[in-house]
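# Secondary and tertiary structure notes
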Number of protein chains: 2
Amino acid sequence: MSSVNQPLIIDTVSLVASYPKVALTVDCVIFGFEDNKLKVLLIRSDLAIYKGKWSLLGDFARESETLEEAAYRVLYERTGMTDVFLDQVHIFSAPDRHPGGRVLTVAYCSLLDIRHHELKITENELHWHNVTDLDTMAFDHLEIMQTSYKWLQKRIQEHPLGFNLLPEKFSLRELQNLYEAILNVELDRRNFRKKFFSMDFLIDTGEFEEDVKHRPGKLYQFSFEKYELNKRKWVGIDF
Amino acid sequence: MSSVNQPLIIDTVSLVASYPKVALTVDCVIFGFEDNKLKVLLIRSDLAIYKGKWSLLGDFARESETLEEAAYRVLYERTGMTDVFLDQVHIFSAPDRHPGGRVLTVAYCSLLDIRHHELKITENELHWHNVTDLDTMAFDHLEIMQTSYKWLQKRIQEHPLGFNLLPEKFSLRELQNLYEAILNVELDRRNFRKKFFSMDFLIDTGEFEEDVKHRPGKLYQFSFEKYELNKRKWVGIDF
DNA sequence: TCATAAATATGTAATATTTACACATTAAAT
DNA sequence: ATTTAATGTGTAAATATTACATATTTATGA
């Protein structure tokens, strides 16, 4: 085993200057839930080549911010929201994905409560679309959206994300509707309740639904503290 | 609801030219398995500032390749391997993560069979390290490695990745050692077997281990075809 | 006011899965 | 041939999941 070592690099600034550089954006896949449907927040593309097509909310990443900060910034600029759920999903790097040249984009997934957070701005027809109705979008945004949707489907089975889509206080029926809509399945009401109660992170608020056509259901809150105490830790090999 | 639309952008090339650009690298977290330990392939950093520290295998992304292609390229250049497992894990974007200026990096996780693939090159002391022995590395590579390790721990419980770390034909004891080492747990031999047989994607080769100190175990192969037929499809909410 | 409708709320038996545990079998080493 | 140290398999108990039925509550409208 021989090893020919080269001299160590001292001038790291020159080294980095020698790297090719690329344009980088973040795109936010902002999900909401309304009328028992999973929604995604979109605007009309402002590129002539994609005239009329829908686009995710994005922007290029600035010099001094992390990508997460950039994603939060986009979210804030478009919705006025801070303190919302945000998670990195994937980076998309096909060389031809942007008509203006090479632009990579990092997809961030965000979940928010449509009811609680009204859109401050309505530029470019910013509004909510049914996730399942979309079949064409600007750039590779359909692929990004679908990748994010699959990510969400998997993720809500394993982590308590879904609550970000609901008001602070919600009924179990609302929670079940959420799961059924996102996973595209029908679930047994009784077993669904049993499952969530057994996970033991729901707090009974003592309050009830209002303005509902029939018997109001109890309202619950998600307790992150109880979740942290009780969350499953064990190994479960299964695929 | 008012909407003031701006004129559509026609010159996309100028648009992209106006974006700030960043240096972007890929870093490969290449895992192997030997002596019942999870290993990661590292080299000595070639930066003076990180003299003596261990570094992941990385390179900047070239103009015309996708990041995945860049990661495969790094892998090939360092190990001579093609046709190996590779998955994107995360992008790291802290502004100060590189001493030479802003450099983002995308982590790719790769799994390969150490025995079957000898390292072609041994520059910069390229070799395998115990994952659990590392407590300091160049750049933010320790964080990247640990994020990738956690990713792997979760992933091998849900997907048949682990086989990439083993020879084509392996005994169930080897497979169990792999899971125990990666997940850092002890598993019951009988239940482990039952579980893997019930998933029904292992093919009995009829062959047996050789050069083993005691009674040789049967050798099995992983069948991707059988896996695709039998893999779980159902919904399982649990967190 | 009372009957009806439509939802909430809860319990239980059957089934499937996971866990804990013990003994027989095989081949290498001496 | 005997010992040793593995492999290989079975089974009962506990747990979790599934399928399914009935009682309760409130809004509504006759």
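Calculation criteria
Residues numbered from 1 in each chain as written. Chains lettered and ligands numbered in written order. Predicted model: local features only at pLDDT ≥ 70, side-chain atom pairs only at ≥ 80, totals over all residues. Helix = DSSP H or I, 4+ residues; strand = E, 2+ residues; numbered from the N terminus. Contact = placed C-beta atoms within 7 Å. Near = placed C-beta within 6 Å. Nonpolar A, V, L, I, M, F, W, Y, C, P; charged D, E, K, R; others polar. Buried ≥ 20, exposed ≤ 12 C-beta atoms within 10 Å, placed from the backbone. Pairing = 2+ DSSP bridges. Least-squares fit on C-alpha atoms with pLDDT ≥ 70 in both. Core = buried A, V, L, I, M, F, W, Y, C linked by C-beta atoms within 7 Å. Expected span 1.5 Å × (residues − 1). Arc of directions from axis to C-beta. Axes fitted to C-alpha atoms, helices over the stretch in contact; angles between N-to-C directions. Parallel < 35°, antiparallel > 145°, perpendicular 65-115°, else oblique. Left-handed = near helix turned anticlockwise from the far one by under 90°.

## Focus on the overall build of chain A
For chain A, the count of helices and strands is six helices and nine strands. In terms of principal-axis extent, the alpha carbons of chain A reach across some 75 × 55 × 30 Å. In chain A, 65% of the contacts between residues at least 6 apart in sequence involve partners at least 24 apart.

## A short note on the protein's contact with DNA strand D
Neighbouring DNA strand D are 19 residues, the closest being Arg190(A), Arg215(A), Arg173(B), Arg190(B) and Lys218(B). Put simply, the parts of the chain that give the surface near DNA strand D at least two residues each are α5 (189-199) of chain A together with α4 (172-183) and α5 (189-199) of chain B. Counting residues per element, the surface near DNA strand D draws most heavily on α5(A), which supplies three residues. Here the surface near DNA strand D is composed, by residue class, of three nonpolar, five polar and eleven charged.

## Observations regarding the pairing of strand β6 (residues 103-111) of chain A
Residue and element names in this part refer to chain A. Most of β6 sits out of view: nine of its nine residues are buried. On β6, burial covers both faces: Val 103, Thr 105, Ala 107, Cys 109 and Leu 111 on one face and Leu 104, Val 106, Tyr 108 and Ser 110 on the other are all buried. Here nine bridges tie strand β1 (residues 21-34) to β6, and the two strands are oriented parallel to one another. Directly across from Val 26, in β6, lies its bridge partner Val 106. Judged from the seven bridges that link them, strand β5 (residues 85-92) and β6 form a sheet pairing that is antiparallel. By the bridge assignment for β6, Leu 86 is matched with Ser 110.

## Focus on the relation of the copies chain A and chain B
Mapping chain A onto chain B calls for a rotation angle of 180° and an axial translation of 0.0 Å; the resulting RMSD is 0.0 Å. Such values leave the two copies arranged in the relation of a two-fold axis.

## Thoughts on the interface of chain A and chain B
At the junction of the two partners, chain A supplies 63 residues and chain B supplies 63 residues. Of all the secondary-structure elements, those providing two or more residues to the side of chain A that touches chain B are α1 (12-17), β1, β5, β6, α3 (141-158), α4 (172-183) and α5 of chain A. Residue composition of the side of chain A that touches chain B, grouped by class: 33 nonpolar, 18 polar and twelve charged. Sheet topology places β1(A) next to strand β1 (residues 21-34) of chain B; three bridges connect them, and they run antiparallel. What sits directly across from Val22(A), in β1(B), is Val22(B).

## Notes on the nonpolar core
Core analysis: the largest hydrophobic core is formed by 109 residues, its most contacted members being Cys28(A), Val29(A), Cys28(B) and Val29(B). In this structure Val29(A) touches Val40(A), Leu56(A), Ala107(A), Cys109(A), Ser110(A), Ile144(A), Met145(A) and Ser148(A), once residues within four positions along its chain are discounted.

## Describing the protein's contact with DNA strand C
Residues in close proximity to DNA strand C total 19 residues, the closest being Arg173(A), Arg190(A), Lys218(A), Arg190(B) and Arg215(B). Take the surface near DNA strand C: its biggest share by element is three residues, from α5(B).

## Quick look at the environment of Leu8(B)
Relative to the helices and strands, Leu8(B) resides in the segment before α1 (12-17). Remark: the alpha-carbon pair of Leu8(B) and Gly80(B), spanning 72 residues in sequence, is separated by 48 Å. For Leu8(B), the contacting residues outside a window of four places in its chain are Asp46(A), Leu47(A), Ala48(A) and Lys51(A).

## A closer look at unusual backbone geometry
Residue and element names in this part refer to chain A. Even without being a glycine, Asn 184 presents a positive backbone phi close to 60°. Mapping Asn 184 onto the fold places it in the loop between α4 and α5. Here Asn 184 falls in the exposed class, since 11 other C-beta atoms lie within 10 Å of it. In this structure, Asp 200 takes a positive phi of about 60° despite not being glycine. Topologically, Asp 200 is positioned in the loop between α5 and β8 (202-208). Residue class for Asp 200 comes out exposed when judged on the 12 C-beta atoms lying within 10 Å of it.

## Here we look at α3(A)
All names here are of chain A. The terminal C-alpha atoms of α3, which comprises 18 residues, lie 26 Å apart, in line with the 26 Å expected from a rise of 1.5 Å per residue. Listing the buried residues of α3 in full gives His 141, Ile 144, Met 145, Ser 148, Tyr 149, Leu 152 and Ile 156. Along the long axis of α3, the arc covered by the buried residues comes to 135°, so they all point the same way. Residues Lys 150 and Lys 154 are exposed on α3 and point more than 90 degrees away from its buried face. Summarising the contacts, the buried residues of α3 are in contact with β1, β2 (37-44), β3 (54-55), β5, β6 and α4.

## Focus on helix α3 (residues 141-155) of chain B
Residue and element names in this part refer to chain B. Taking 1.5 Å of rise per residue, 15 residues should cover 21 Å, and α3 covers 20 Å from first to last C-alpha, within 8% of that figure. Turning to α3, its buried residues are His 141, Ile 144, Met 145, Ser 148, Tyr 149 and Leu 152. Buried residues along α3 sit against β1, β2 (37-44), β3 (54-55), β5 (85-92), β6 (103-111) and α4.

## Side note on the packing of α3(A) against α4(A)
All names here are of chain A. Where α3 meets α4, the closest approach of the two axes is 10 Å, and the angle between their N-to-C directions is 140°. Between α3 and α4, the crossing angle belongs to the class labelled oblique. The interaxial crossing formed by α3 with α4 has left-handed handedness. Across from Leu 152, Gln 153 and Ile 156 in α3, the residues of α4 making contact are Tyr 179, Ile 182 and Leu 183. Of the residues in the contact of α3 with α4, the class split is five nonpolar, one polar and no charged.

Taken by themselves, the reported measurements are silent on function.
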